[in-house]
Structures are given as C-alpha cells and as structure tokens.
Amino acid sequence: MSVCSIYIGSDHAGFDLKQEIVQRLRAEFPKVNVIDHGCASTESVDYPAYAQKVAQSVAQETNSRGILICGTGIGMCIAANKVRGIRAASIWNLESAQLCREHNDCNVICLAGRFLKPNEAWSFILQFIKTSFLGGRHLQRIKMIDDLEKPE
Ligand code: RB5
C-alpha cells in the first residue's frame, strides 16, 4: 500500500464514529501516519473548519488520503471540494468506495456519522484505501477537472 498518511476530521455529528475509526486505522496500519484533525467532543462545531484542515493537509502531501465525517457526509464533501487538488466523494456503499478510486482518483471520502454503523464505515474505508486509480480513459477526465481549478 502506497498511502503514507491518513488525515481524518469530523464535526460533532461524526465525532463518535471518528474516534472508533482512528483506533481501527492505527491498529490496522501501524506504519501509516494517522493524523486526527478534530473535532474533540460532541459539542457543536462548524464542519467546514474541519473539512478545510483535512483537505489542505491532503492537498499538500502526495500519497496521503483524507476521511471526513459529519451527519450526512454532504457538507464535508461540498467544503473539501473547494480546496484545490481535492477530489472528495460522499460514500454510501462498497461500490462507490471502489469506483471513487478507480474512476475519479478521489483523495478524500466523506461519510455519514448519523447513518452508518462502524463496521459499514470501516468496510468503505478499507476499500477506499486499498483501491488504485485505473488511469487510462479516466486520466483525461481528471485533467479536465483540474482545468476547472485554473483561473479563467
Ligand atoms: C450538523 O447538524 C450537520 O448539519 C452536519 O453534521 C452535516 O450533516 C452537514 O452536512
């Protein structure tokens, strides 16, 4: 596995799931840097702040990935995709976790803390971490997405 660092963040609605996932990541991947960017409790916070921290860390480090958890996964996804170089996907099943890597070369996944059980979320994360980008016809599409980030 070529992933060197995994950055993770949540808001209050994703906090409990994040704590569980951080533990599992550290046990499963002892050689990977697992960096928890918060939040630190179930007290209400603003999810864009945590999306920004994780997305900026991932954008600055090749071979890193990000995991963001809020109530639905949707707000985190919208916010993370505003950061240049980030391709974030809201993931709801194993197939979407696989295809977001194979076709979209996603470097961040966003999960719904209010709707996913820990084992479900964990299976999506493993799929995301272990699946490679297929390249080929998908590469030109990624380049087209990159072009959207360039100033007009
Ligand atoms: C917080 O109440 C909730 O809005 C947030 O966790 C997330 O679901 C936003 O998309």
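Look up a bit, the structure's there.
Residues numbered from 1 in each chain as written. Predicted model: local features only at pLDDT ≥ 70, side-chain atom pairs only at ≥ 80, totals over all residues. Heavy atoms only, no water.

Caption draft 1: Spotlight on the site of the ligand. Around the ligand, the surrounding shell consists of D11, H12, A13, Y47, C70, G71, T72, G75 and R114. D11 is positioned such that a nitrogen or oxygen atom in its side chain is 2.6 Å from an oxygen atom of the ligand. The protein chains hide 71% of the 290 Å² of surface that the ligand would expose on its own. (Near = heavy atom within 4 Å. Polar contact = N/O pair within 3.5 Å; in protein donor to acceptor, adjacent residues only side chain to side chain. Areas by Shrake-Rupley, 256 points an atom, 1.4 Å probe, with all protein chains shown as cover.)

Caption draft 2: Here's a closer look at the nonpolar core. Counting residues in each nonpolar core, the largest one holds 27 residues, and the members touching the most others are L25, I67, L111 and I125. By residue number, the principal contributor to this core is helix α5 (residues 118-130), which donates seven residues. Non-local contacts of I125, meaning those with residues more than four positions away in its chain, are made with I21, L25, I67, I109 and L111. Within the second largest apolar cluster, 19 residues are counted, among which are Y50, I86, V108 and C110. (Core = buried A, V, L, I, M, F, W, Y, C linked by side-chain atoms within 4.5 Å. Buried < 20%, exposed > 50% of the residue type's maximum accessible area, 1.4 Å probe, protein only. Helix = DSSP H or I, 4+ residues; strand = E, 2+ residues; numbered from the N terminus. Contact = heavy atoms within 4.5 Å.)

Caption draft 3: Broad picture of the side chain of T131. Tracing the backbone through its elements, the reader meets T131 in the loop between α5 and α6 (137-148). Judged by its relative accessible area of 8%, T131 is buried. Among the polar contacts made by the side chain of T131, one reaches the main-chain carbonyl oxygen of Q127 at a distance of 2.6 Å. Beyond its immediate chain neighbours, meaning those up to four positions away, T131 contacts R65, Q98, R101 and E102.

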